[in-house]
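Structural features, examined
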Amino acid sequence: MENEKAFFDKLEQKGVSRRDFMKYCTLLTATMGLSSSFVPKVAEVFAAPKQRPPVIWLHFGECTGCSEALLRSTYPYIDDLLLELLSVEYHETIMAAAGEQAEEQLHNAIKKYEGKFICVVEGAVATKFDGAYGKVGGKTFLQIAKDVCPKAAAVIAIGTCATFGGIQAAAPNPGGYVGVGEAIGIKTLNISGCPPNPINFVGTVVNYLLLGKLPALDSLGRPLFAYGTSIHDQCQRRSHFENNEFVLEFGSKEAEMGYCLYKLGCKGPDTFNNCPTAKFNDGTSWPVQAGHPCIGCSEPAFWDKMSPFYEPT
Ligand code: FSX
Ligand code: SF4
Ligand code: F3S
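Described in the following lines is the structure provided in the data block. The shown structure was predicted, so the numbers you read here are calculated from the model rather than taken from an experiment.

Regarding the overall build of the protein chain
Helix and strand content of the protein chain: 15 helices and 11 strands. Summarising its shape, the C-alpha atoms of the protein chain cover approximately 65 × 55 × 30 Å along the three principal directions. In the protein chain, which comprises 313 residues, the proportion classed as buried is 50%. Residue pairs in contact within the protein chain that sit at least 24 positions apart in sequence constitute 73% of those at least 6 positions apart.

Rendered as structure tokens:
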């Protein structure tokens, strides 16, 4: 209780009311596919954490947008909540250490938490020429992944780069980039998207802390709560499909929102993610709502398979 009070006082100091926090927990619970009776339990995971799993966060070939999306989200300071929830032992973007000091930190964290830490991987791994196309501190991504990932309790690949290779793997892919699971032959839990919605990562972690297990996954290793339904099937612009044409029902909600973007190249029917319901930027909007076709960013090889992203009408 004392801890809980301290937690809410801290949130209050940051300008986040208890109400805002509970609103976030409600959204998170719904996103995780749990009934509303779980909302207080989800809140408790943050407010009175029983355990803080150690995390080693690796960066390979990527743009760091996945970390940025997570750390810059404002609703309500997911970065702070996450840092309360997890004991982040190594993360190159946010740690103070650099150079040899950073390498030492990584080494010490692995030694201390071997078999117990969660390894989060952001970015793809180069595999051609012994991985020579991607290095950190003189070591190839491939070598680092081989050294660190097998020592973790679980490996979470965050972003389409770490899960399926992303832009690095786009043709002609001279470095032989692939996702981390494929690079070193392990099973990873995949949170795809370029960048992925932070709520899907938070939901996975909370699922683990609340229920003691990782969420159910689809055939591509992605949590079903987030990637179980196509964008198209949840889309607010959805209209019915007739004679190879999308027909808008006059006066329908979707007609009010604007036209279906299929003819502009929307890849919603081939893309699985929860963007239409979870939305981005504090639940404000998502690409299709904002008028941009879905480009299929959470699917394998989307740079090759889903392009051209724009098609002339
Ligand atoms: Fe990839 Fe993450 Fe796209 Fe960027 O780091 S999923 S390029 S948004 O951010 O890995
Ligand atoms: Fe489907 Fe895209 Fe049209 Fe939405 S805008 S209904 S996702 S094709
Ligand atoms: Fe990506 Fe399509 Fe969602 S482009 S962010 S999966 S709407």
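Still more ground to cover, so stick around.
Concerning the site of ligand 1
With respect to spatial proximity, the complete set of residues near ligand 1 consists of Glu 62, Cys 63, Thr 64, Gly 65, Cys 66, Glu 122, Gly 159, Thr 160, Cys 161, Gly 193, Cys 194 and Pro 195. In the model, an oxygen atom of ligand 1 is placed 3.1 Å from a nitrogen or oxygen of the Thr 64 main chain. Between ligand 1 and Glu 122, the relevant distance is 2.7 Å, taken from an oxygen atom to a side-chain nitrogen or oxygen of the residue. Secondary-structure elements contributing two or more residues to the shell around ligand 1 are helix H4 (65-71) and helix H8 (159-164). Each residue belonging to the shell around ligand 1 can be placed in one class, and the counts come to five nonpolar, five polar and two charged.

Some thoughts on the pattern of salt bridges
Scanning the entire structure with this criterion turns up five salt bridges. Between Glu 44 and Lys 50 there is a salt bridge; the shortest N-O distance is 3.7 Å. Its relative accessible area of 76% is what places Lys 50 among the exposed residues. Of the charged contacts in the structure, one is a salt bridge between Arg 222 and Asp 218, with a shortest N-O distance of 2.9 Å. The pair formed by Arg 222 and Asp 218 is uniform in burial state, with each residue classed as buried. By sharing partners, the salt bridges in this structure join Asp 218, Arg 222 and Glu 299 into a single network.

Thoughts on the site of ligand 3
Near ligand 3 you find Ile 231, Thr 271, Asn 273, Cys 275, Phe 280, Trp 286, Pro 287, Cys 294, Ile 295, Gly 296, Cys 297 and Ser 298, and these make up its full shell. When its residues are assigned to classes, the shell around ligand 3 shows eight nonpolar, four polar and no charged.

As for the packing of aromatic side chains
Here the structure, examined in full by the defined rule, presents 10 aromatic pairs. Between Phe 7 and Phe 21, the ring centres sit 5.2 Å apart and the planes meet at 65 degrees, which makes this aromatic pair edge-to-face. Taken together, the residues span a long stretch of sequence, with Phe 7 in helix H1 (residues 2-13) and Phe 21 in helix H2 (residues 18-31) at a distance of 14 residues. Pair check on accessibility: Phe 7 and Phe 21 agree, each one buried. One aromatic cluster is present, built from ring pairs that chain together Phe 7, Phe 8, Phe 21 and Phe 46.

Focus on the packing of H2 against helix H3 (residues 39-47)
Two numbers describe how H2 lies on H3: the axes approach to 9 Å, and their chain directions differ by 115 degrees. In terms of orientation, H2 lies roughly perpendicular with respect to H3. For the crossing formed where H2 meets H3, the hand is right-handed. Residue-level contacts link Phe 21, Met 22, Tyr 24, Cys 25, Thr 26, Leu 28 and Thr 29 of H2 to Val 39, Val 42, Ala 43 and Phe 46 of H3. When the residues that make up the contact of H2 with H3 are grouped by side-chain class, the tally is nine nonpolar, two polar and no charged.

What counts and how
- Residues numbered from 1 in each chain as written.
- Chains lettered and ligands numbered in written order.
- Predicted model: local features only at pLDDT ≥ 70, side-chain atom pairs only at ≥ 80, totals over all residues.
- Heavy atoms only, no water.
- Helix = DSSP H or I, 4+ residues; strand = E, 2+ residues; numbered from the N terminus.
- Buried < 20%, exposed > 50% of the residue type's maximum accessible area, 1.4 Å probe, protein only.
- Contact = heavy atoms within 4.5 Å.
- Near = heavy atom within 4 Å.
- Polar contact = N/O pair within 3.5 Å; in protein donor to acceptor, adjacent residues only side chain to side chain.
- Nonpolar A, V, L, I, M, F, W, Y, C, P; charged D, E, K, R; others polar.
- Salt bridge = Lys/Arg side-chain N within 4 Å of Asp/Glu carboxyl O.
- Phe/Tyr/Trp six-rings, centres within 6.5 Å; stacked < 30°, edge-to-face > 60°.
- Axes fitted to C-alpha atoms, helices over the stretch in contact; angles between N-to-C directions.
- Parallel < 35°, antiparallel > 145°, perpendicular 65-115°, else oblique.
- Left-handed = near helix turned anticlockwise from the far one by under 90°.

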